[in-house]
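Each chain is listed here by its residues.
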Amino acid sequence: FSGAQLESHARSLASERSLADRSGREMLLHRLAENETIIRRSYEDVAKSVRQGHPQTPAAKWLVENFSFIEEQIDQVRLLFPPGYSRQLPVLASGPLRHYPRVYDLAIELVAHTDGRVDAENITQFIRAYQTVHPLKLGELWAVPIMASLALVENLRRVSRRIAWRRRQWGAAVVWSRRFIEAIQDDPKSLITILADFVQSEPVKSSPFLAELTACLQGTHPAMELVINWVEQELSERGQTLEMLQQAESQDQAADHASISHSIASLRQLGRIDWRETVESLSAVEAILLQDPSDTHGREDFRSRDLCRREIEDLSRRSGREERDVAATVLRLATEQAQRREGDPREGTVGYYLVGEG
């Protein structure tokens, strides 16, 4: 998606998704463990192929060369994600990720529509657009980095599984191509028998399989045209040609390479983002508190501002009121006192009603 498309999609999500009345059960740690298992199995499949000396695609090389880093990131997410953490966050009552935290759904959508290329700019752009319809809670904003990491790991699960699947399809194609070539070398007439065995075995006939099979056979012997003609007939029934198949396979490999390289680069990038600055810039509560009539809040250090925001979170939970409503009430009290121009001037600050005697 372009920037404008991302913003439009964010607003649509905010309008379409509804929140559940209750918090959901812990699902993200289980999902993370599942993703880790699939990524590891995919890596092992590809690494085995590397040890056997088989040529590798750029995407497969990225998986093998960065697997240790991926494992480190998964361990770090698990370390920073205490059990029960996601139960503190608003969860969805509708959509494909029903019962999952709303902010996780946002991260998944952002990763999906940027093909894994996530940075401070598009995170801010996406969430800001979403909040024009429904502001996020402070806890959700602070959860963005860990949810983005989880979403990127999810994307790595998808692409690594596809890389391993493609590797298996190529392996099967190589086995059959060797049988065809050996048949030609031993007795060219036996090729028809091997082809019959091939058809009766009902091979998967996936695009990677057929593309690799024809690539292995083309130019080896004139009799191989018999096998290639069979492949072309199969493709014809799908409305494809051999050229279209090979082009599509090349594009799919390029897409896998882009997706895995973007996801790994984004995981590295997340650790370099100043999340304190990002959260403050996105916080609807902070935007209200910055209207402090005395401008004291804006001049405070981060720790003091954060103390006020945490107090608003606590008041919101205990009162059942929205965080924005609590912040607006605090601002109203401070503004009313500031306009009186009498009494202690500290009473004309938002902090007085959050961490002071007010």
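Our subject is the structure that appears above.
Residues numbered from 1 in each chain as written. Predicted model: local features only at pLDDT ≥ 70, side-chain atom pairs only at ≥ 80, totals over all residues. Heavy atoms only, no water.

(A) Broad picture of the pattern of salt bridges. Applying the stated rule across the entire model yields 27 salt bridges. A salt bridge links R31 to E154; the shortest N-O distance between them is 2.4 Å. Of this pair, R31 sits in helix α2 (residues 28-51) while E154 sits in helix α6 (residues 138-186), and the two are 123 residues apart along the sequence. Given the relative accessible area of 15%, E154 is considered buried. Of the charged contacts, one joins R309 and E280 as a salt bridge, the two residues approaching to 2.8 Å between their closest N and O atoms. (Salt bridge = Lys/Arg side-chain N within 4 Å of Asp/Glu carboxyl O. Helix = DSSP H or I, 4+ residues; strand = E, 2+ residues; numbered from the N terminus. Buried < 20%, exposed > 50% of the residue type's maximum accessible area, 1.4 Å probe, protein only.)

(B) Inspection of the nonpolar core at higher detail. Counting 58 residues, the largest nonpolar core has I123, M147, L150, L156, I260 and L270 as the members making the most contacts within it. Listed by contribution, the elements that provide at least two residues to this core are α1 (3-16), α2, α3 (58-80), α4 (102-113), α5 (120-131), α6, α10 (242-270) and α11 (275-282). Element by element, the count of residues in this core is highest for α6, at 14 residues. Beyond its immediate chain neighbours, meaning those up to four positions away, I123 contacts L110, V118, V144, L270, I273 and W275. Within the second largest apolar cluster, 22 residues are counted, among which are W176, I194, M224 and I228. (Core = buried A, V, L, I, M, F, W, Y, C linked by side-chain atoms within 4.5 Å. Contact = heavy atoms within 4.5 Å.)

(C) α1, seen in detail. The terminal C-alpha atoms of α1 lie 20 Å apart, and with 14 residues this matches the ideal 20 Å at 1.5 Å per residue to within 8%. Three or more residues of α1 are buried, namely L6, H9, A10, L13 and A14. Buried residues in α1, looked at end-on, bunch into an arc of 140°, giving them a common side. Facing away from the buried side of α1 by over 90 degrees, the exposed positions are A4, S15 and E16. Where α1 is buried, its residues meet α4 and α5. (Expected span 1.5 Å × (residues − 1). Arc of directions from axis to C-beta.)

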